[in-house]
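Tertiary structure, described
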Amino acid sequence: MNTTGSISTDVLVIGGGIAGAGAAYELSADLGVVLVEAESTLAYHTTGRSAALFAESYGPQPIRALTAAGRDFIMSPPEGLADFPLLEPLPGLFVTDDDNAPCLDELAEAIEDLVDDVRRVEGDELAEITGILAPHLTHGLIDGSSLALDVAGLHQVFVKGARRRGTRIETSAPVTSLRREGGRWVVTAGDLTVDAEVVVNAAGAWGDRIAEMAGVTPVGLTPLRRTAFVVKRPPELEDVALPVIVDGGHPETWYVKPEPGLLLCSPADETPSEPCDARPEEIDVALGIERVNHNTTLGIRHVVRAWAGLRTFAPDRLPVVGFDPTTEGFMWLVGQGGYGIQSSPGMSRLCAALVNHREVPEDLAALGLDAAAISPARFRRGAEAVSDP
Ligand SMILES: Cc1cc2nc3c(=O)[nH]c(=O)nc-3n(C[C@H](O)[C@H](O)[C@H](O)COP(=O)(O)OP(=O)(O)OC[C@H]3O[C@@H](n4cnc5c(N)ncnc54)[C@H](O)[C@@H]3O)c2cc1C
């Protein structure tokens, strides 16, 4: 919907991907919320392009805690918001050669408190689990608790739930200016003017652009392009219950995820990019084919479909969630990198707690989430405290 006119609200959420939709859902429990999205459809950018994995073993510590805190929500979404399961069991198998085997020990240690169902597999047992690994991959770690996630389903849960709680959602409403007036934000979004006490910057790859428009110093976000493609699942693997197979070395260089009738593959590439409508480059698809063929016996030659999306990282690769300490009412919700879907329920609750000036939710604190480690304040040491630009 593209509306003209002026609206006054408590919170303006900028961005209709999973981060913005999740934040709108949680915030609208207590506050008036308007969400504006630049595109004509929600979830058009990174949210619509993910590999749809949910694994507490995936990502840095704060992401693991935020992910674990969202498992119950995704397992059983609030009544009436999803008529179908959003998660299906999909064990994760991290694999390495001899040189990278210590990476699996580090991973096992890092996740032992979060994941119950973890075990190491070696040699012949590993080879038998999938039947498709190349012989140089002799070390494995199975995360039996990881899941395949219905991303569109989860996004719709947030959107439906937010609307039911009164959130107004405006598409084709790109934010082009933000200014402070009388202690509130006045924001131009398409043909609409919104005045709000708080803005939530959930603009993904464009997060620093929104900050610049608001006169807030950027945090140094880098969008990194990642390529994915699907190939037909070979007939002999049609009835094999494959796990998602992930390179367990540092850095990760490939993964293969089973989907109905298909295999989703990626070279786990990270090419710096401007914020844009990312497209797959032929060279990255070729690299993916080469890496998957080197590490498996799949012998891929044809790709059914390829796409790319921007995974956006802060300089320390941790998310950025919290009020900017230098500017009144400017909340950051960016830098989700490659984990923004799985961490979205936890991150949305954290964002809502911070906007409402409440403590970090107890379950998140109990999982070891250190809110200071992901606050934008870490980029503002030495800067002056809150000001009204
Ligand atoms: C190939 C690939 C695989 C991935 N696999 C996984 C996975 O398995 N599990 C997982 O958890 N994560 C995965 N991710 C990461 C995940 O997709 C992202 O972390 C997540 O989608 C980020 O969501 P977002 O809402 O922050 O960004 P986006 O979905 O990009 O949303 C930001 C929105 O802000 C809007 N916007 C920007 N500027 C403005 C403006 N001026 N005015 C209004 N709106 C604006 C944009 O149009 C966009 O819709 C993957 C990503 C890729 C690319």
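Residues numbered from 1 in each chain as written. Predicted model: local features only at pLDDT ≥ 70, side-chain atom pairs only at ≥ 80, totals over all residues. Heavy atoms only, no water.

A few points about the side chain of histidine 45
Along the polypeptide, histidine 45 turns up in the loop between strand 2 (33-36) and strand 3 (53-54). Beyond its immediate chain neighbours, meaning those up to four positions away, histidine 45 contacts Glu39, Trp206, Cys276 and Asp277. (Helix = DSSP H or I, 4+ residues; strand = E, 2+ residues; numbered from the N terminus. Contact = heavy atoms within 4.5 Å.)

Structural notes on the domain arrangement of the chain
One can read the domain layout of the chain as domain 1 (5-50 + 151-220 + 316-379) and domain 2 (91-145 + 222-313). Averaged C-alpha coordinates put domain 1 and domain 2 at centres separated by 31 Å. With 17 residues of domain 1 at the interface, the matching set in domain 2 holds 18 residues. At the boundary of domain 1 with domain 2, total buried surface from both sides reaches about 1,400 Å², with 50% on carbon and sulfur atoms. The largest share of the area that domain 1 buries against domain 2 comes from Arg49, Ala205 and Arg317, three residues that together contribute 40% of it. For the pair domain 1 and domain 2, the interface holds 3 salt bridges. Classifying every residue of the side of domain 1 that touches domain 2 gives 5 nonpolar, 9 polar and 3 charged. (Domains from an automatic or database assignment. Buried area = accessible area lost by both parts, 1.4 Å probe. Salt bridge = Lys/Arg side-chain N within 4 Å of Asp/Glu carboxyl O. Nonpolar A, V, L, I, M, F, W, Y, C, P; charged D, E, K, R; others polar.)

Description of the site of the ligand
As a structural note, the neighbourhood of the ligand is formed by 37 residues, with Glu37, Thr47, Val175, Gly337 and Gln342 the closest of them. Between an oxygen atom of the ligand and a main-chain N or O atom of glycine 340, the distance comes to 2.9 Å. Coverage of the ligand by the protein chains reaches 96% of its 1,000 Å² of free accessible surface. Put simply, the parts of the chain that give the shell around the ligand at least two residues each are helix 1 (18-27) and strand 18 (305-313). Residue composition of the shell around the ligand, grouped by class: 18 nonpolar, 14 polar and 5 charged. Built from parts of two domains, the shell around the ligand gets at least three residues from each of domain 1 (5-50 + 151-220 + 316-379) and domain 2 (91-145 + 222-313). (Near = heavy atom within 4 Å. Polar contact = N/O pair within 3.5 Å; in protein donor to acceptor, adjacent residues only side chain to side chain. Areas by Shrake-Rupley, 256 points an atom, 1.4 Å probe, with all protein chains shown as cover.)

Comments concerning the pairing of strand 7 (residues 139-143)
The two faces of the sheet receive side chains in turn, since in a regular strand these alternate between them. Within strand 7, 5 of the 5 residues are buried, which leaves the element mostly enclosed by the surrounding structure. Pairing geometry for strand 5 (residues 92-96) and strand 7, over 5 bridges, is antiparallel. Bridge assignment links phenylalanine 94 to a residue of strand 7, and that residue is leucine 141. In terms of strand pairing, strand 6 (residues 118-122) meets strand 7 through 5 bridges, oriented antiparallel. Each bridged residue has a counterpart across the sheet, and for arginine 120 the counterpart in strand 7 is leucine 141. (Buried < 20%, exposed > 50% of the residue type's maximum accessible area, 1.4 Å probe, protein only. Pairing = 2+ DSSP bridges.)

Remarks on a negative patch on the surface
A contiguous patch of negative charge on the surface is contributed by Glu106, Glu109, Glu112 and Asp113. As for its placement among the helices and strands, glutamate 109 is situated in helix 4 (residues 101-111). (Patch = residues over 30% accessible without salt bridge, like charges linked within 9 Å, V, L, I, M, F, W, Y side chains within 5 Å. Lys, Arg positive; Asp, Glu negative; His and termini not counted. Charge placed at Lys NZ, Arg CZ, Asp CG, Glu CD.)

Considerations on the nonpolar core
Of all hydrophobic cores here, the largest spans 71 residues; its most connected members are Val13, Leu27, Leu154, Val200 and Leu333. If one sorts the elements of this core by residue count, helix 1 sits on top with 7 residues. In this structure, this core is formed jointly by two domains, domain 1 (5-50 + 151-220 + 316-379) and domain 2 (91-145 + 222-313), each of which donates at least three residues. Contacts of valine 200, omitting those with residues within four sequence positions, involve Val11, Leu12, Val13, Ile14, Leu27, Met331, Leu333, Cys351 and Val355. Leu12, Ile210, Val219 and Phe330 belong to the second-largest nonpolar core, a separate cluster that totals 27 residues. (Core = buried A, V, L, I, M, F, W, Y, C linked by side-chain atoms within 4.5 Å.)

Focus on the pattern of salt bridges
With the rule as written, the count across this model stands at 20 salt bridges. When the shortest N-O distance is used, the salt bridge between glutamate 274 and arginine 209 registers 2.8 Å. Taken together, the residues glutamate 274 in the loop between strand 17 (271-272) and helix 8 (282-295) and arginine 209 in helix 7 (residues 207-213) connect sequence positions 65 residues apart. According to the relative accessible area criterion, glutamate 274 is exposed, its value standing at 54%. For arginine 209, a relative accessible area of 36% corresponds to the partly exposed category. The salt bridge partner of arginine 225 is aspartate 284, with a shortest N-O separation of 2.9 Å. Of this pair, arginine 225 sits in strand 13 (residues 222-232) while aspartate 284 sits in helix 8, and the two are 59 residues apart along the sequence. The two residues arginine 225 and aspartate 284 agree in class, both being buried. When salt bridges with common partners are traced through the structure, they connect Arg226, Glu252, Glu270, Arg311 and Arg317 into a single cluster.

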